[in-house]
Amino acid sequence: TAKKEISLQHGAHRLGRRNDADMARWRAYGLGQFIHWGLYSIPGGEWNGKIYNGAAEWIRTWKEVSPQAYDSLIYRFNPIKFNPDSWAAVAGRMGVKYVTITTKHHDGFCLWPSKYTNFTVAHSPYKKDIIGPLVKAYNKQGIDVILYFSIMDWHNPDWRYDIKTRDDSIAFNRFKQFTRNQLLELLTRYPTAKGLWFDGTWDNSWVKQAAFADSLETEMRKLRPGLIIGSRFRADEYGKRHFDSNGNLMGDYEQGWERKIPEKIEDVHGNDWDCVMTIPENQWGYAKTWSGHIKTADELLEMLAKCVSLDGNFVLNFGPKPDGTLRTEEQTLAKAIGDWMTVNKEAIYNGEYAGFAKQDWGYFIKNTGTNKTYMVIFNVPVSGLLRVTTPLHTVINKAYDLGNLTQTYTPEEIGTSTYFIHLHQQTPKKPFVIVLETGETG
Ligand code: JFZ
């Protein structure tokens with residue numbers, strides 16, 4: 001029984017994945033970097049000697065902090081050690097293919113000299129644009145840039161959480177024009193940026209703007225063909241977000257995987273998606289004190305492999321310090337991930353769901369358009385035997401270590417489409433990769 005679709009003016013514009021070259025490039029990234037940087041980096045989660053319990057980039061909403069005092073941080077924004085080439089080098093060394101940078105977070109402070117507000121870098125002691133030099137430096141390293149943009153803007157007096165009165169509506173109409181101006185400004189100023197990562201779109205005020213947001217999306221796509229926009233930008237006319245009232249994804253990829261990862265391929269409904277992840281539990285902006293569990297490189301690598309094995313990209317967040325440098329913990333992790341990527345990157349880039357039955361030792365990743373499937377191994381069983389069940393009509397022609405191509409395996413066939421790979425080395429210190437070259441049978 002087919003479910004009846006309702007007719008929508010502002011629902012999904014397309015069913016299924018995009019199949020153009022820009023989106024194929026996005027899909028092949030595998031690993032990305034997120035950067036949260038702004039005025040919140042200055043207090044770093046600490047105000048008058050007290051430590052804020054929430055995420056450092058939200059400190060402006062803490063009862064201990066007056067909005068005026070927070071907004072005055074603009075007079076202290078002076079990252080004299082900011083060197084975009086060195087950030088890009090760290091990212092390139094780590095193996096990331098794209099970076100998502102906060103051009104404006106919820107506090108409304110702009111890292112580019114926007115013409116439409118004074119609350120920007122241009123009016124800070126630093127004076128200079130951050131976004132332009134950053135885009136240039138990353139692009140020079142071959143890394144694509146996505147611009148993060150928060151619709152919610154705590155600084156702009158026209159921002160509303162809901163629209164209840166005529167005055168709200170007048171103010172919010174001004175705010176909508178402001179938003180449109182800023183977005184068109186960003187797309188015009190930074191023409192190599194590949195997409196927009198939207199946030200702060202959950203309040204009623206914005207959820208009610210289905211028609212406006214839809215036409216703005218169309219306008220942005222017309223200005224920049226190929227532009228990639230996630231599912232967190234707009235709601236349909238019934239206020240449904242991410243998925244419209246018929247259950248169809250709005251935008252080019254699903255943006256709901258925030259600090260969580262799907263368990264199985266059915267969870268992603270055939271859509272593109274990215275997972276954005278913090279190193280501590282929930283800190284995006286720089287927080288002087290990290291408390292709770294801090295993820296290790298091996299944990300992050302496992303998350304990366306899991307995401308790619310389920311057709312997603314994994315994006316690791318960095319919260320730079322107010323002086324423009326990266327904290328030591330983040331540099332160390334970037335280096336460790338990069339060391340692993342140097343050997344194993346071909347298992348990650350251009351990777352997709354392989355269609356092999358999931359096994360407890362780790363993840364299968366298919367290299368798109370080739371006959372290679374990678375086994376990314378995190379948990380070696382005490383038996384030293386790795387079970388592999390291939391999809392129907394798929395046979396293994398060759399198996400070898402990615403880190404040591406002459407180390408080959410002869411899979412033991414134990415039943416139809418089922419094999420054991422007998423490991424030579426049973427106590428590896430690092431996750432490792434076995435390459436399977438496969439063929440088809442009739
Ligand atoms: C948002 C921001 O509020 C946060 O500061 C950070 O920028 C993060 C990347 O995005 O936080 C969210 C957004 C969405 C969800 C959870 C937190 N969500 O969909 O579950």
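Because the structure is predicted, anything quoted here is derived from the model rather than measured. (Residues numbered from 1 in each chain as written. Predicted model: local features only at pLDDT ≥ 70, side-chain atom pairs only at ≥ 80, totals over all residues. Heavy atoms only, no water.)

Moving on, we get to the overall build of the chain. Secondary structure assignment for the chain yields nine helices and 19 strands. For the chain, the C-alpha radius of gyration of 23 Å lies close to 22 Å, the compact-globule estimate for 442 residues. For the C-alpha atoms alone, the extent of the chain along its principal axes is close to 75 × 55 × 35 Å. Put simply, the chain has 442 residues, and 56% of those count as buried. If you take every contact in the chain between residues at least 6 apart in sequence, the share linking residues at least 24 apart comes to 70%. Of the side chains in the chain, 53 bear a positive and 50 a negative charge, and the two mean positions are spaced by 5 Å. (Helix = DSSP H or I, 4+ residues; strand = E, 2+ residues; numbered from the N terminus. Rg over C-alpha atoms; globule rule 2.2 N^0.38 Å. Buried < 20%, exposed > 50% of the residue type's maximum accessible area, 1.4 Å probe, protein only. Contact = heavy atoms within 4.5 Å. Lys, Arg positive; Asp, Glu negative; His and termini not counted. Charge placed at Lys NZ, Arg CZ, Asp CG, Glu CD.)

Turning our attention to unusual backbone geometry. Of note, Asn48 is a non-glycine position whose phi angle comes to about 50°, a positive value. Structurally, the position occupied by Asn48 is in the loop between strand S2 (46–47) and strand S3 (50–51). The backbone of His269 sits at a positive phi, close to 50°, despite the residue not being glycine. Note that His269 resides in the loop between strand S8 (254–258) and strand S9 (273–277).

Right, let's talk about the site of the ligand for a bit. In the neighbourhood of the ligand, the contacting residues comprise His36, Glu57, Trp58, His105, His106, Tyr148, Asp199, Trp202, Arg232, Glu258 and Trp284. Between an oxygen atom of the ligand and a side-chain N or O atom of Trp58, the distance comes to 3.0 Å. A distance of 2.8 Å separates an oxygen atom of the ligand from a polar side-chain atom of Asp199. Relative to its free-state accessible area of 450 Å², the ligand is covered by the protein chains to the extent of 77%. Split into classes, the residues belonging to the shell around the ligand amount to four nonpolar, three polar and four charged. (Near = heavy atom within 4 Å. Polar contact = N/O pair within 3.5 Å; in protein donor to acceptor, adjacent residues only side chain to side chain. Areas by Shrake-Rupley, 256 points an atom, 1.4 Å probe, with all protein chains shown as cover. Nonpolar A, V, L, I, M, F, W, Y, C, P; charged D, E, K, R; others polar.)

On to the environment of Phe172, then. Inspection of the secondary structure puts Phe172 in helix H5 (residues 166–189). Here Phe172 falls in the buried class, since its relative accessible area comes to 1%. Considering only alpha carbons, one finds Phe172 and Glu185, 13 residues apart in sequence, at a separation of 19 Å. Here Phe172 is in contact with Asp158, Trp159, Arg160, Ile163, Ser205, Trp206 and Gln209, once residues within four sequence places are set aside.

This part is about the packing of helix H3 (residues 84–94) against helix H9 (residues 328–344). Close contact between H3 and H9 brings their axes to 7 Å; oriented N to C, the two are set at 40°. Here H3 is positioned oblique relative to H9, judged by the angle of their axes. Mapping the contact onto sequence places Val90, Arg93 and Met94 in H3 and Ala334, Lys335, Ile337, Gly338, Asp339, Met341 and Thr342 in H9. (Axes fitted to C-alpha atoms, helices over the stretch in contact; angles between N-to-C directions. Parallel < 35°, antiparallel > 145°, perpendicular 65-115°, else oblique.)

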